[in-house]
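In case you want the letters, here they are:
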Amino acid sequence: MRNLTPASITDAFAEYAKNAPSARTRSLLVSLAGHLHGFVRDNQVTQAEWNAAIDALTKAKDFTDDKRNEYILFSDLLGVSSLVDMVNAATTGTPSSVLGPFHIEGAPELANGGDLWRGQVGEPLVVSGSVKDDKGAPAKGTVLALWQNGGNGLYSQQDKTVSATNYHARLTVADDGSFAFSTVRPVSYTVPDDGPAGDMLRALGREAWRPAHLHMIVHAPGHKPVITEFFPEDDKYLDRDAVFGVRGPLVLPFHKVSDRAALPKNLAVLDKLPLPVWTARIDFTLPTA
Ligand code: BEZ
Ligand code: FE
């Protein structure tokens, strides 16, 4: 096609892709190019502005290795990771949320009632709850993958002083769907902002803070795994999460409990927890199968 104009280039792109081997891939790429073309036309993007965008992507490679991926961070901070989660989410049950970069495969087994706190820095927290299906029946056999940061704000991957699996665990719920464990109260923290994704945050006048959260993947027999996270309702960053992960039903009250008899009986460290201790309850409902 010759004599292209700003108006005709999008149709030309679609025409050039008419032999694409996959119809879905063609459709996605033609749509993406169309949105980018529209962005350039609508904003009359200058050469210098486009060069700045390319430079940011080029710089991202210097901040990407096996521990950190600046491209995923761009996706997170742009809200795209969260949007992909939301458009694919089940419409019933406890909402899903973003995975983030700190999940590990092969985390150690934690017995129901087990302890992740181990006297480490921060405020101890007792989490108890249940996993049930949409009819209220216990989801026997469910395995919870759990991970979080420590009281110093760091995930194990960021903290050279702790083991690689600190605050990472897999817990199988009891046959009645219940579970409990002791841990440390997670704290709000900043996503890495020393790279080009951080430059974008600063250009937007935004902060890098995420509200404190407990990550969970719910592996229930007969269901797709649900990736989610839970937030304390008193966190000041709930309404400005850098990665747009907060959903209303995932925000939980955290209460201080002074009566040891009110804590789950099966806690391995029931007698050792300093009182008052933070508690949170997670009652997870699976999506309709
Ligand atoms: C997190 O949940 O820890 C996280 C999510 C997205 C980007 C960075 C961190
Ligand atoms: Fe996280």
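Just above, that's the structure.
All values reported here derive from a predicted model rather than from experimental measurement.

## Quick look at the nonpolar core
Here is step 1 of the chain: Among the nonpolar cores identified, the biggest contains 41 residues, and Val 131, Leu 144, Phe 179, Phe 181, Met 216, Val 218 and Leu 263 are the most heavily contacted of them.
Here is step 2 of the chain: Those elements that provide at least two residues to this core are β1 (124-132), β2 (143-148), β3 (168-172), β4 (178-184), β7 (214-219), β8 (226-232), β10 (254-257) and β11 (277-285).
Here is step 3 of the chain: If you tally residues by element for this core, the top one is β11, at five residues.

## Some details on the packing of helix α3 (residues 47-60) against helix α4 (residues 70-77)
Here is step 1 of the chain: The interhelical angle for the contact between α3 and α4, taken along N-to-C directions, is 130°, at an axis separation of 8 Å. The angle between α3 and α4 falls in the class oblique. Of α4, the residues touching α3 (which contributes Ala 56, Leu 57 and Ala 60) are Glu 70, Tyr 71 and Phe 74.
Here is step 2 of the chain: Split by residue class, the contact of α3 with α4 holds five nonpolar, no polar and one charged.

## Considerations on the packing of helix α1 (residues 9-16) against helix α2 (residues 23-43)
Angle between the axes and distance between the axes are the two parameters that describe a pair of packed helices.
Here is step 1 of the chain: Across the interface, α1 lies against α2 with an axial gap of 9 Å and an inter-helix angle of 165°. One element, α1, and the other, α2, form an angle in the roughly antiparallel class. Once α1 is placed against α2, the crossing between them reads as right-handed. Across the interface between the two elements, Ile 9, Thr 10, Phe 13, Ala 14 and Glu 15 of α1 pack against Arg 26, Leu 29, Val 30, Ala 33, Gly 34, His 37 and Arg 41 of α2.
Here is step 2 of the chain: Taken together, the residues of the contact of α1 with α2 sort by class into six nonpolar, three polar and three charged.

Thresholds, definitions, all that
- Residues numbered from 1 in each chain as written.
- Chains lettered and ligands numbered in written order.
- Predicted model: local features only at pLDDT ≥ 70, side-chain atom pairs only at ≥ 80, totals over all residues.
- Heavy atoms only, no water.
- Core = buried A, V, L, I, M, F, W, Y, C linked by side-chain atoms within 4.5 Å.
- Buried < 20%, exposed > 50% of the residue type's maximum accessible area, 1.4 Å probe, protein only.
- Helix = DSSP H or I, 4+ residues; strand = E, 2+ residues; numbered from the N terminus.
- Axes fitted to C-alpha atoms, helices over the stretch in contact; angles between N-to-C directions.
- Parallel < 35°, antiparallel > 145°, perpendicular 65-115°, else oblique.
- Contact = heavy atoms within 4.5 Å.
- Nonpolar A, V, L, I, M, F, W, Y, C, P; charged D, E, K, R; others polar.
- Left-handed = near helix turned anticlockwise from the far one by under 90°.

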